[in-house]
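Examining the three-dimensional arrangement
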Amino acid sequence: MARTGNRDDRFSTATRLRVLGEQTAARVYRSQSRRQAHRSRMTGRAAFLALVVCTLVVALAYPMRQYVSQRGDIADQRRTAHDAEKQVEKLRDEKARLQTDAYIERLARERLHYVMPGEKGFTMNAPTAVQHEQQAVGLANRPWYANMWDDVDHADAAAARAGTAKH
């Protein structure tokens, strides 16, 4: 029985070792390619570039903050100037009105309770104002220590009411 070259090659030790070597090489190649895929791609150039970018960010952070702050200050100053211009305009209007006799007369009637000759003036007090006036007169006739003790009593009562309201 003659053996063919194919059959002998398939079962020979050299052929088996060669096949095992190829399989092992393929496994090693696959594992290395997986490691390289997972390995960081950071090179020296990339690290230097990252360092330069970080340095620029740090170097420009303070001037940018100052710029933004100054822009805010400028906006505040513009608002203040605008408000001052409005106030000046109101004061000019008031000055112009004060130049007229009718306006002066109206102010004298309202604020100083002046009346024109032949007119009768009346002043009415609000009821609460009269009560406050009477209370003030009554408190003024008492000795000072009585008023002080009343204030202490009122403070204690207010503190007690606040304490019960919290609970």
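For clarity, every value in this text was computed on a predicted model and none was experimentally measured.

Here is what the cut-offs are and how they apply
- Numbers given for residues are sequential positions, taken from 1 along each chain in its written order.
- Owing to the predicted nature of the model, reporting of local features is limited to residues with pLDDT of at least 70; listing and counting of side-chain atom pairs is limited to 80 or more, with chain, interface and lining totals taken over all residues.
- Working from all heavy atoms in the structure, the side-chain values ignore hydrogens and water.
- Put simply, DSSP marks the helices as runs of H or I at least four residues long and the strands as runs of E at least two long, and each gets a number from the N terminus on.
- Throughout, exposure labels follow a simple rule: accessible area from a 1.4 Å probe, protein chains only, divided by the maximum for the residue type, with under 20% read as buried, over 50% as exposed, and the rest as partly exposed.
- The protein chains shown are the only cover counted for residues, whose accessible areas, like all others here, come from Shrake-Rupley with a 1.4 Å probe.
- Any two rings among Phe, Tyr and Trp, with Trp reduced to its six-membered ring, count as a pair given centres within 6.5 Å; such a pair is stacked if its planes are under 30 degrees apart, edge-to-face if over 60, and tilted if neither.
- The arc under discussion is defined with respect to the helix axis, by the directions toward the C-beta atoms.
- Throughout this description, the term salt bridge denotes a Lys or Arg side-chain nitrogen within 4 Å of a carboxyl oxygen of Asp or Glu.
- Grouping into patches uses exposed residues only, defined as over 30% relative accessible area, and leaves out salt-bridged ones; the cut-off is 9 Å for like charges and 5 Å for nonpolar side chains (Val, Leu, Ile, Met, Phe, Trp, Tyr).
- How sure the predictor is of each residue is captured by pLDDT, a score from 0 to 100.
- To estimate the expected span of a helix, subtract one from its residue number and multiply by 1.5 Å.
- A residue's bend is given by the angle between axes fitted to the 7 residues ending at it and the 7 residues starting at it.
- The axes are straight lines fitted to the C-alpha atoms, using for helices just the contacting stretch, and the angles between their N-to-C directions are given from 0 to 180°.
- Angles below 35 degrees are treated as roughly parallel, those above 145 as roughly antiparallel, those between 65 and 115 as roughly perpendicular, and all remaining angles as oblique.
- Any two residues whose heavy atoms approach within 4.5 Å are treated as being in contact.

1. Focus: the overall build of the chain
- When you go through the chain residue by residue, the secondary structure sums to 6 helices and 0 strands.
- Mapped in sequence order, the helices and strands of the chain form the string α-α-α-α-α-α.
- Looking at the 167 residues of the chain, the share that counts as buried comes to 3%.
- Per element, the accessible surface of the chain, about 15,900 Å² overall, is 59% carbon and sulfur.

2. Things to note about the packing of aromatic side chains
- Enumeration according to the criterion identifies 1 aromatic pair in this entry.
- Measuring from centroid to centroid gives 5.8 Å for Trp 144 and Tyr 145, while their planes differ by 85 degrees, and the two rings are edge-to-face.
- Accessibility expressed as a relative area gives 63% for Trp 144, which makes it exposed.

3. So, unusual backbone geometry
- The backbone of His 113 sits at a positive phi, close to 60 degrees, despite the residue not being glycine.
- According to the relative accessible area criterion, His 113 is exposed, its value standing at 53%.

4. A short note on helix α4 (residues 101-111)
- All of the buried residues along α4 are Tyr 103, Leu 107 and Ala 108. Taken end-on, α4 shows its buried residues confined to a sector of 140 degrees, consistent with a single buried face. Of the residues in α4, the exposed ones pointing more than 90 degrees away from the buried face are Asp 101 and Ala 102.
- Among the residues trailing α4, His 113 stands out with phi positive, at a value near 60 degrees.

5. Focus on the pattern of salt bridges
- Under the counting rule described, the total for this entry stands at 6 salt bridges.
- Glu 105 is the partner of Arg 109 in a salt bridge, and the nearest nitrogen-oxygen pair spans 3.8 Å. Pair noted here: Arg 109 and Glu 105 are both in helix α4, with a separation of 4 residues, about one helical turn.
- Classification of Glu 105 as partly exposed rests on a relative accessible area of 38%.
- The shortest N-O distance in the salt bridge between Glu 119 and Arg 109 comes to 3.0 Å.

6. Details of a nonpolar patch on the surface
- A contiguous nonpolar surface patch, about 820 Å² in accessible area, is contributed by Phe 48, Leu 51, Val 52, Leu 56, Leu 60, Met 64, Tyr 67 and Val 68.
- Inspection of the secondary structure assignment puts Leu 51 in helix α3 (residues 44-98).
- Owing to a relative accessible area of 52%, Leu 51 belongs among the exposed residues under this scheme.

7. Section: the confidence of the model for the chain
- Summary statistics for the chain give a mean pLDDT of 81 and a share of 77% for residues scoring 70 or more.
- Here helix α1 (residues 5-11) is the element of the chain with the lowest mean pLDDT, 57, and α3 is the one with the highest, 94.

8. Section: α3
- Its 55 residues place the ends of α3 81 Å apart at the C-alpha level, agreeing with the 81 Å of an ideal helix rising 1.5 Å per residue.
- Remark: the principal bend of α3, roughly 35 degrees, maps to Ala 61, with a proline, Pro 63, within the next four residues.

9. Topic: the packing of α3 against α4
- Following both chains from N to C, one finds α3 and α4 inclined at 95 degrees, their axes separated by 6 Å at the closest point. One finds that α3 runs roughly perpendicular with respect to α4. Contacts between α3 and α4 involve Glu 94, Arg 97 and Leu 98 from the first element and Tyr 103, Ile 104 and Leu 107 from the second.

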